[in-house]
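Breakdown of the fold
In case you want the letters, here they are:
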Amino acid sequence: MPGSLPVVVYPPSPTGGRRVRVNGEILGLAHSVTDVAEFLHRAGLEIEPAQVVVSPLIDWRGGGLDYWGPEPGIPPG
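None of these values were measured; they are calculated from a predicted model.

**Side note on the overall build of the protein chain**
- A tally of helices and strands in the protein chain yields two helices and four strands.
- Helices and strands in the protein chain line up, N terminus first, as β-β-β-α-α-β.
- Classification of the 77 residues of the protein chain by burial places 30% in the buried group.
- In the protein chain, of all internal contacts separated by at least 6 residues, the share reaching a separation of at least 24 is 47%.
- Carbon and sulfur atoms make up 58% of the accessible area of the protein chain, which totals about 4700 Å².

As structure tokens, then:
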């Protein structure tokens, strides 16, 4: 898809964690930058957690890299 980023980190879910997608495939639910780096490593992208923070390949949606949910005031489950 022209103009799209290969890595998308979605907004936090109501129960916490953020979906991570690479080239259209959901890799899992991350709860930290370290989780994002691990998912990308499994997808064949060699990236360290410190690089996740500054990489132009990653589109952070619905909050920055310091926000992993859950939404305040919403009980889990």
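**Focus: the sheet that holds strand 1 (residues 7-9)**
- Taken together, four strands build an open sheet; the order of strands is 3-2-1-4 and the sheet is mixed. Only two strands of the sheet have a single partner each, and these edge strands are strand 3 (25-30) and strand 4 (58-60). Strand-to-strand twist of the sheet, defined as the mean angle between neighbouring strand axes without regard to direction, takes the value 20 degrees.
- Relative to strand 4, strand 1 is paired through three bridges, and the arrangement is parallel. When the sheet's bridge partners are listed, V9 is paired in strand 4 with W60.
- Each of strand 1, strand 2 (18-22), strand 3 and strand 4 touches helix 1 (residues 33-42); the most contacted strand, strand 3, lies at about 150 degrees to it.

**Description of the packing of aromatic side chains**
- All told, the structure shown has one aromatic pair when counted by the stated rule.
- In this arrangement the basic side chain of R18 is found over the ring face of W68, its NZ or CZ atom lying 5.5 Å from the centre.
- In this arrangement the basic side chain of R19 is found over the ring face of Y10, its NZ or CZ atom lying 4.4 Å from the centre.

**Considering helix 1**
- Every buried residue belonging to helix 1 is among V33, V36, A37, F39 and L40, and all of these are buried. The arc enclosing the buried residues of helix 1, seen along the axis, measures out at 160 degrees, which places them on a common side.
- Against the buried residues of helix 1 lie strand 1, strand 2, strand 3, helix 2 (49-54) and strand 4.
- At the C-terminal side of helix 1, G44 shows a positive phi close to 95 degrees.

**As for the pattern of salt bridges**
- On inspection of all chains with the given rule, the structure shows two salt bridges.
- In this structure, R42 engages E38 in a salt bridge whose closest nitrogen and oxygen atoms are separated by 3.0 Å. Of this pair, R42 and E38 both sit in helix 1, separated by four residues, roughly a single helical turn.
- Accessibility expressed as a relative area gives 62% for R42, which makes it exposed.
- When its relative accessible area of 34% is taken as the criterion, E38 is described as partly exposed.
- The partner of R61 in a salt bridge is D59, with the nearest N and O atoms 2.9 Å apart.
- By relative accessible area, R61 is classed as partly exposed at 35%.

Criteria and thresholds
Numbers given for residues are sequential positions, taken from 1 along each chain in its written order. In keeping with the predicted nature of the model, local features appear solely for residues at pLDDT of at least 70, side-chain atom pairs appear and are counted solely at 80 or more, and the whole-chain, interface and lining totals rest on all residues. The basis for every side-chain value is the complete set of heavy atoms in the structure, and neither hydrogens nor water enter the calculation. Strands are runs of DSSP state E lasting at least two residues, helices are runs of H or I lasting at least four, and both sets are numbered from the N terminus onward. Residue burial is assigned from relative accessible area. The probe radius is 1.4 Å, only protein chains are included, and a residue is buried under 20% of its type maximum, exposed over 50%, and partly exposed in between. The criterion used for residue contact is that any of the two residues' heavy atoms lie within 4.5 Å. Working definition of accessibility: Shrake-Rupley area with a 1.4 Å probe, residue cover restricted to the visible protein chains. Pairs of strands are assigned from DSSP output, requiring at least two bridges between the strands. In this description, a line fitted to the C-alpha atoms serves as the axis of each element, helices being fitted only across the stretch in contact, and the angle between N-to-C directions of two axes falls anywhere from 0 to 180 degrees. Planes of paired rings set the category: under 30 degrees apart is stacked, over 60 is edge-to-face and the rest tilted, where pairs are Phe, Tyr or Trp rings (Trp by its six-membered ring) whose centres lie within 6.5 Å. Two thresholds decide whether a charge sits over a ring: the Lys NZ or Arg CZ must be within 6 Å of the ring centre and within 35 degrees of the ring normal. Directions from the helix axis toward the C-beta atoms define the arc. What counts as a salt bridge is simple: a side-chain nitrogen of Lys or Arg found within 4 Å of a carboxyl oxygen of Asp or Glu.

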